[in-house]
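Tertiary structure, described
Letter by letter, the chains look like this.
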Amino acid sequence: MPSHARNLCFTLTTLTYPLAYPQALHNVVMYATDLALYPDGTEGPADVGTAFTTYTGLNVLIVLLAALLTLWAPSAGSSGLPKLKSYLNGTLLRALRPPPSALRPPPSAPTRRHVHA
Amino acid sequence: MRDGMLSTSTLVAKVVGITLITSTNLPLGRDGPMVHIGAMCAAILTRANIPGTATLLELRLPGPQREWVAVGAVAGVAAAFNAPIGGILYSFEEVSPSWSSNSNPNPNPNPNPKPNPNPNPNPNKVSSGWNSMLTWRSFVCAPRASRSRTTSNPNPNPDPHPHL
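Everything numeric in this text was worked out from a predicted model, so none of it was measured.

Counting residues in hydrophobic clusters, the biggest one holds 27 residues, and the most contacted among them are A:Leu84, A:Tyr87, A:Leu88, B:Leu6, B:Val35, B:Val69 and B:Val95. Looking at this core, the elements that each hand over two or more residues are helix H4 (81-88) of chain A together with helix H2 (32-47), helix H4 (62-81), helix H5 (84-95) and helix H6 (132-152) of chain B. The greatest single-element share of this core, amounting to 9 residues, is contributed by H4(B). Beyond its immediate chain neighbours, meaning those up to four positions away, B:Leu6 contacts A:Leu84, A:Tyr87, B:Ala39, B:Met40, B:Ala43, B:Ile44, B:Arg47 and B:Val69. By size, the runner-up hydrophobic cluster in this structure holds 9 residues, among which are A:Ala66, A:Leu69, A:Ala73 and B:Leu20.

Structure, rendered in structure tokens:
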């Protein structure tokens, strides 16, 4: 097996390991916080605050990584279904994403056609 | 074309991002993005430089490429929910709800260079939407996608609350 294929397999395995075994992330937290695993199966965290901070920090770090990926490929940030439906029904929308809220003009005042009373 | 909806970069970002998000137990993803992932896999397959397929019009014309994208959406839903018929119905109803004729309604029965006795009345028409050919191809594709998911799942029955 060539080296780049082996590296790809290693990367894919590392990335999909938490999906297949959700215990992996928990084991990482246990190792990081030095939690005790008692013989009867229960775990005794020495410091709940440290464990909570570590777990939350790891989760936020992973979510931040996933969010930074959308800067690299912006089309992966949305659902993809609107663009997919428009493409399959004969229209290719190149800019479906709206502008940022800070650059958008404020909403107009309600007019008569908005009133249904 | 990193910004494209059906590009390789978007596929990589989608797969890695959804994997990361799912590993954090956030109530996001894993089923809806599979539609997009399947469509991107099909679109990349139609654009790949596979030896021997350079003149295969089934891959190179825009109409059949759209059909491949629709079948990719079928495979994505079938693999996400382990439901082949559900994937076909979802793509038929939600993803490509419009109906169109088959992409080559009048195939030439004669070898070249004989002219086609049944020429396409509208040769500029690009097939977009669902057609009867697509239904049969989906019935070929969806069970294989579902079976692939079933056989490659290392943890088929995970404990939903392993620490409680």
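Next comes the rest of the write-up.
Secondary-structure assignment places B:Lys14 in helix H1 (residues 8-23). Side chain to side chain, B:Lys14 and B:His36 meet in a polar contact 3.3 Å long. If we skip the residues at most four places from it in the chain, B:Lys14 touches A:Ala76, A:Ser78, A:Ser79, A:Gly80, B:Pro33, B:His36, B:Ile37 and B:Met40.

What follows deals with the environment of B:Gly72. All names here are of chain B. Its location among the elements puts Gly-72 in helix H4. Taking the relative accessible area as the measure of exposure, Gly-72 reaches 5% and is therefore buried. Counting along the chain gives 31 residues from Gly-72 to Cys-41, while the straight-line C-alpha distance between them is 6.8 Å. Beyond its immediate chain neighbours, meaning those up to four positions away, Gly-72 contacts Gly-38, Ala-39 and Ala-42.

Conventions and cut-offs
Residues numbered from 1 in each chain as written. Chains lettered and ligands numbered in written order. Predicted model: local features only at pLDDT ≥ 70, side-chain atom pairs only at ≥ 80, totals over all residues. Heavy atoms only, no water. Core = buried A, V, L, I, M, F, W, Y, C linked by side-chain atoms within 4.5 Å. Buried < 20%, exposed > 50% of the residue type's maximum accessible area, 1.4 Å probe, protein only. Helix = DSSP H or I, 4+ residues; strand = E, 2+ residues; numbered from the N terminus. Contact = heavy atoms within 4.5 Å. Polar contact = N/O pair within 3.5 Å; in protein donor to acceptor, adjacent residues only side chain to side chain.

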